[in-house]
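Coordinates in review
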Amino acid sequence: MTFQLERLDHIQLSAPKGSEKTAREFYKDILGFMEEEKPKTLKPNGGVWFRKGEIAIHIGIEEPFEPLKKAHPAFDVSGIDALQIYLEKAGVSTKSDNKLPNARRFYVRDPFGNRLEFLEWQGK
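Residues numbered from 1 in each chain as written. Predicted model: local features only at pLDDT ≥ 70, side-chain atom pairs only at ≥ 80, totals over all residues. Heavy atoms only, no water.

1. Comments concerning the sheet that holds strand β2 (residues 34-36)
An order of β1-β4-β3-β2 is seen for the 4 strands of this open sheet, with the pairing classed as mixed. Only two strands of the sheet have a single neighbouring strand rather than two, namely β1 (11-15) and β2. Neighbour-to-neighbour, the strand axes of the sheet open up by a mean angle of 30°, direction not taken into account. In the sheet, strand β3 (residues 48-52) pairs with strand β4 (residues 55-61) via 5 bridges, with the strands oriented antiparallel. In the strand pairing of β4, lysine 52 is matched with isoleucine 55. Against the sheet, helix α1 (residues 20-30) touches β1, β2, β3 and β4, its axis set at about 5° to β3. (Pairing = 2+ DSSP bridges. Helix = DSSP H or I, 4+ residues; strand = E, 2+ residues; numbered from the N terminus. Axes fitted to C-alpha atoms, helices over the stretch in contact; angles between N-to-C directions. Contact = heavy atoms within 4.5 Å.)

Structure follows, in structure tokens:
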């Protein structure tokens, strides 16, 4: 093979037209991502980009909009109990799941209905 996949560059999730403010309120204000400046050539498309460490999320505008029901990004976290409590206090509904061996995890829906998974591997 003459090529190699190096790393995941970013995840793109969809949102409806005009939802950039709502995306900022959730991804920046609640989850703690920093907003990244989009290239000038892409700004007319709408949407907003975020980064936290090595995690980059691009919120793209899609019309007609359809949220991800099952497909989702999964975030490896430490302190999952504290995160779940924090999100619930912030008004974000969480759904715990114990079906993955050696992991504690829960799901949330972003303001647009996209599914997000947060998990903490046990015994790392």
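2. A word on the environment of histidine 10
One can find histidine 10 in the segment before β1. Owing to a relative accessible area of 31%, histidine 10 belongs among the partly exposed residues under this scheme. For histidine 10, the contacting residues outside a window of four places in its chain are Ala56 and His58. Within the structure, the side chain of histidine 10 is placed 2.8 Å from the side chain of aspartate 9, a separation counted as a polar contact. (Buried < 20%, exposed > 50% of the residue type's maximum accessible area, 1.4 Å probe, protein only. Polar contact = N/O pair within 3.5 Å; in protein donor to acceptor, adjacent residues only side chain to side chain.)

3. Comments concerning unusual backbone geometry
In this structure, the amide linkage connecting glutamate 63 to the following residue, proline 64, adopts the cis form with an omega of 0°. Within the secondary structure, proline 64 is located in the loop between β4 and β5 (74-76). Although it is not a glycine, asparagine 102 adopts a positive phi angle of roughly 65°. With respect to the helices and strands, the residue asparagine 102 is situated in the loop between β6 (95-97) and β7 (103-109).

4. Here we look at the pattern of salt bridges
Per the stated rule, a full pass over the model turns up 8 salt bridges. Two residues, glutamate 36 and arginine 51, come together in a salt bridge whose shortest N-O distance is 2.8 Å. A residue pair is termed long-range when its members are at least 10 positions apart, and glutamate 36 in strand β2 and arginine 51 in strand β3 qualify at 15 residues. The class for arginine 51 is partly exposed, based on a relative accessible area of 25%. Bridged by salt links that share partners, the residues Asp97, Arg105 and Glu117 form one connected network. (Salt bridge = Lys/Arg side-chain N within 4 Å of Asp/Glu carboxyl O.)

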